[in-house]
Amino acid sequence: MADFRDRAEVAAGRDLGNAVALHEWSVQEFRDFWRLFLDWAGPAWEGSADPVCTGDDVETAVFFPAVSLNYAENLLRPLPGVDDGAVCLTSVHGDGSRDRWTRAELREDVDRTATALARLGVGAGDRVVVVAANNGHAVVAALATAALGATLSSGMPDMGPAALLGRFTQVEPALMALDRTGATGWDGTDGDLLDQVVAGLPTVRTVVVLDVLPLPSLRGVRVVRLADLLSDLGPDTPRTPWPRMPFNDPLFVMFSSGTTGPPKAMVHGIGGTLLEHLKEHRLHGDLDARDTLYFQTTTAWMMWNWQLSALAVGAGIVLYDGPVPGPETLWRLAAEERVTVFGTSPAHQQLSQDTGLRPAEVFDLSALRAVMSTGSVLHDWQFDWFAAAVGPQPLQSISGGTDIIGCFVLGHPELPVVRGRSQALSLGLDVAALDAGGHAVVGPPGELVCRRPFPSRPVRFLRDPDGSRLHGAYYTEHPGVWTHGDVVDLAPDGTARVHGRSDGVLNIDGIRIGPAEIYRILKGLPEIAQAVAVEQRHPTTPGATRLVLLVQLHGGAVLDGELERRIRTTLRSQATAAHVPALVLAVPEVPLTHSGKVSEKAARDTVNGDRVVNVDALRNPGSLAGITAALRTATERTALPVPEPRSGSGRPPAAPRPAVPPGDTAAVTAVVSTIWRDLGVVPHAGITDFFDLGGTSRQSMTLLRRLQLELDADVTMEQFLADPTIPGLAAAVAAAADATAVLLLAAGNPAAPPLFLLNDAWGGVEVYRTLAELLVGVGPVYGVRADLVHPDGSRKPIDDLADEHAATIVAARPEGPLRLAGFSFGGLVAFETARRLRAAGREVEFLGLLDPLPPEDSLPPVRRRLHRLTGEIGALIPGLADRPLRDVVRQRLRPETRPADQQALDRSGAVYARHRLQHYDGRATYFRARRRIPVSGHFMSAWRAAAPRLEVVSVPGPHHDLLAGRHVVALAVQMSLALRTAAQLRRS
């Protein structure tokens, strides 16, 4: 940015020393800006840069009509100072495997693929669609298409036939490139998804299969495998040249969300796309060959195309086509691939926050220098969470759209991040906020417009011969000015805040949904006369929204369970799970304007309980009362019963949920049902599937966490997805209870002795997973779970747990040396288990005690009182306490307010305190938390008395944060060293 500013100051003849001044010059003298940027960025092109732009009207202006260039050439050509042998593309799969390409390898693969496609007849002017997940094969096919001067459009198999055909029928492609890896229903059998898509695209002459699955047989269409085409290319086969095409020739066909009809097919030009992306990557993103970019996207979103262009600046890109079972998945990917710029969404960040994840404490993010977020509004509190949980890297809120295949507001490498705002306006884009009178305003929110021409506008729409649809989409409200459809406020310092859509596009948890897609699918259900899809503020989750569907039925039709189930399953199968509403409400009529148009805004305001300001404009204002009544009925159906308050307290008593035996199917089902209702997912009228009821992936994760806490059931996501119903989940809980007590946490070296980590104070072992994965040079790492309660409901003493664990470990490892460890409660259990194993003649090569205090009954009276005092003091000292001081005080005064997990910890603490240490004659390593009240150090004498061969290793951090916080890495290092030393001692 600084280098470009120096060049701009020479061109402008004045000082442009701050971001606002540079932006003002870039829009006031936009021709000078774009000409300078073309020279400075140095893309490969030919022709003349004059004229830069043919007019001042945003709708009709044409940029660089005398310039020709090739998009793929600019992404893949050798660049000065960029290692052609360095990896530039990494494709990560769900199973953890990776495909990698260097720049030279990628250029060669694209060149060969382009030649193969050209031999099939693909050339300039043709249109190709790629249906694939976000993987490297899709990138090669896309760039090969662009290399030939053909036009590309992409999507993913999971979109379903209705959504794909709603887009691709407008494209009229000659060829489809298909990767079915991980998809089901794409075999090509009669009536399956592939058969439906190909049947709906009569212009497709050839399907090129990119995957290794059996070739489908499709009627009237040639099907070939790309690998076979490439094998036919001999060493002497001439390569097809990559033509340089006119600047405004088509490159990509992108699609709108389908708010008012079929998705608009927006044609983006080669030069406008490349120039805008170069500007965003090099200036605003400060990307270069030292960077690795990963953006959370799919092939159906413009960010996929946007990330490809990072290759043009020499940066590497990372793709991921696997599942995202939890928020940690993407942070782990960023850490493992040493990502420097990570692109994500507010929904992903919120999920990270909601699950208590602190990425910087769990993963090595030392390579990360910036995080970009887009897809929906980034709330103020998310900036706070990011700063605390991720670090000082800039969190850049970027926003633009598929319409411009770029951003109006985004980051800036020289500016600080302002909480809740985007750092800067995009250079060269004259962004303004207009009030209701069409006047530009600074401060108040207004309609986002761009008042001067810019290169990345769509060059046209498909099936729009006279340009009327293009005009109606952006230029009707403010002629000659681009009207984007977002609400934005601009500050004098150049920062911006996008407030959301001003039109009817729905944004559910960061996923943009076009209502027209829903309406088009529902037309196939004869009972529905009219449907309105609206976005409702989530009633229980601040900052979130959910989808509510209003349906007006034909006479005689009733919204019973069978019809509602068909509505939900039809939307889910023909679109995506995101299109499934949280609520389906039957209403007598939907609100209509006097011209007969559905008023989605009136419906949305009513569902949200907001005042409807345009009641006079409605033909049927009484329809709003019908919506309110239907919503009230649905709310009552999903509401939990409210207990009667205690006398004089004003609130119901908080009591821990009683223990539920896993074999008590009725009791387990009742708990599962209550959790579903808490999430607002309530089976009714025969609809039982969690996702058919509108449950989201985020809610499913919350559900599994609560099962673990309330039923002590480690149900996996795979088990839940196998039968996402209440009975299915209850069965999964029972299966989890019947599962083996030994759980593999990390594979390790199978030739080395295994390490057994013994249960925590709740009986689980998930607390050890990060530690297990960080250990180096060890054998398999197992967690040994425990049921802490006897059948009669009493708590098992430490001795009973140790007896059970010794038997379990012997059964799992009948011979050979053993390694044991445990944290806190688990440390004491490990100690007693090791005693039993040595008494039985087994070799315990390593015993690791992860900061367990000596039990109170093993201390003399004075030290016992001192022990209790230090515990009381530690609970009041920030950094030593495991929860905020206000919670400590409240729970002391009102014990019934202690959460269920804290009450369970108290019960385990009582068992722990009653145990008496016995003599252990083997070696043991005590990993002592460094942050503690000094007097507590005196308690080590109790451990030394019990274990004379004890070695103490100091590790950073307080007791409660040893495993879950940033200190686990240091603990893993010290523990790995201790394990290696133990192995050496055994061999010596």
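Small disclaimer: the values here were computed from a predicted structure and weren't measured. (Residues numbered from 1 in each chain as written. Predicted model: local features only at pLDDT ≥ 70, side-chain atom pairs only at ≥ 80, totals over all residues. Heavy atoms only, no water.)

**Q** Let's hear about the packing of aromatic side chains: which residues, and what values?
**A** The description of an aromatic ring pair rests on the distance of the ring centres and on the angle between the ring planes. By the definition in use, this model includes 34 aromatic pairs. Between Phe33 and Trp34 the ring centres are 4.9 Å apart and the planes differ by 75 degrees, which places this aromatic pair in the edge-to-face class. Just as Phe33 is buried, Trp34 falls in that class too. Ring centres of Phe690 and Phe691 lie 5.2 Å apart, and the angle between their planes is 80 degrees; on these two criteria the pair is classed as edge-to-face. Of the aromatic side chains, those joined through ring pairs into one cluster are Phe4, Trp25, Phe30, Phe33, Trp34, Phe37, Trp40, Phe63, Phe64 and Phe247. (Phe/Tyr/Trp six-rings, centres within 6.5 Å; stacked < 30°, edge-to-face > 60°. Buried < 20%, exposed > 50% of the residue type's maximum accessible area, 1.4 Å probe, protein only.)

**Q** Describe the sheet that holds strand β31 (residues 583-586), listing the residues and the values that go with them.
**A** Pairing within the open sheet is mixed, and its 3 strands lie in the order β29-β30-β31. Edge positions in the sheet fall to β29 (528-537) and β31, since each has one partner strand and no second. This sheet shows a mean twist of 25 degrees between the axes of neighbouring strands, independent of strand direction. Helix-sheet contacts for helix α18 (residues 561-574) involve β29, β30 (545-553) and β31, and the interaxial angle to β31 is about 135 degrees. The sheet contacts of helix α19 (residues 600-607) involve β29 and β30, and relative to β29 the element is tilted by about 55 degrees. (Pairing = 2+ DSSP bridges. Helix = DSSP H or I, 4+ residues; strand = E, 2+ residues; numbered from the N terminus. Axes fitted to C-alpha atoms, helices over the stretch in contact; angles between N-to-C directions. Contact = heavy atoms within 4.5 Å.)

**Q** Would you mind going over the side chain of Arg819 in detail, with residue names and values included?
**A** With respect to the helices and strands, Arg819 occurs in strand β35 (residues 818-823). In this structure the side chain of Arg819 is engaged in a polar contact, spanning 2.7 Å, whose partner is the side chain of Glu845. (Polar contact = N/O pair within 3.5 Å; in protein donor to acceptor, adjacent residues only side chain to side chain.)

**Q** How would you summarise a nonpolar patch on the surface if you had to cite specific residues and measurements?
**A** A cluster of nonpolar side chains, Leu774, Val969, Val973 and Leu977, forms an exposed patch at the surface whose accessible area comes to about 280 Å². Considering each element in turn, the nonpolar patch owes the most residues, 3 residues, to helix α32 (residues 968-987). Tracing the sequence through the fold places Val973 in helix α32. (Patch = residues over 30% accessible without salt bridge, like charges linked within 9 Å, V, L, I, M, F, W, Y side chains within 5 Å. Areas by Shrake-Rupley, 256 points an atom, 1.4 Å probe, with all protein chains shown as cover. Salt bridge = Lys/Arg side-chain N within 4 Å of Asp/Glu carboxyl O.)

**Q** Account for the side chain of Thr115, naming residues and giving values.
**A** Here Thr115 is to be found in helix α5 (residues 103-119). When its relative accessible area of 2% is taken as the criterion, Thr115 is described as buried. Sequence-distant contacts of Thr115, that is, excluding residues within four places in its chain, are made with Leu233, Pro238, Arg239 and Thr240.

**Q** Go over the packing of helix α26 (residues 798-812) against helix α27 (residues 825-839) with me, naming the residues and quoting the values.
**A** One way to put it is that α26 packs onto α27 with a least axis distance of 8 Å and a crossing angle of 60 degrees. Our pair here, α26 against α27, has a crossing hand that is right-handed. Here α26 contributes Ile798, Asp799, Leu801, Ala802, Asp803, His805, Ala806, Ile809 and Val810 to the contact with α27, which in turn contributes Phe825, Leu828, Val829, Glu832, Thr833, Arg836 and Leu837. Residues that form the contact of α26 with α27 fall into these classes: 10 nonpolar, 2 polar and 4 charged. (Left-handed = near helix turned anticlockwise from the far one by under 90°. Nonpolar A, V, L, I, M, F, W, Y, C, P; charged D, E, K, R; others polar.)

**Q** Go over α18 with me, naming the residues and quoting the values.
**A** Its 14 residues place the ends of α18 20 Å apart at the C-alpha level, agreeing with the 20 Å of an ideal helix rising 1.5 Å per residue. Taken together, the buried positions of α18 are Gly561, Leu563, Glu564, Ile567, Arg568, Thr570 and Leu571. Contacts made by the buried residues of α18 are with α17 (515-522), β29, β30 and β31. (Expected span 1.5 Å × (residues − 1).)

**Q** Mind laying out the nonpolar core, listing which residues take part and the relevant values?
**A** Counting residues in hydrophobic clusters, the biggest one holds 116 residues, and the most contacted among them are Phe64, Tyr71 and Phe408. With 9 residues, helix α6 (residues 136-147) is the largest single contributor of residues to this core. Excluding residues within four positions of it along the chain, Phe408 makes contact with Ser399, Gly400, Ala424, Leu425, Ser426, Leu429, Val431, Leu448, Cys450, Phe454, Trp482 and His484. Ranked by size, the runner-up nonpolar core spans 35 residues in total, among them Ile508, Leu525, Ala531 and Val548. (Core = buried A, V, L, I, M, F, W, Y, C linked by side-chain atoms within 4.5 Å.)

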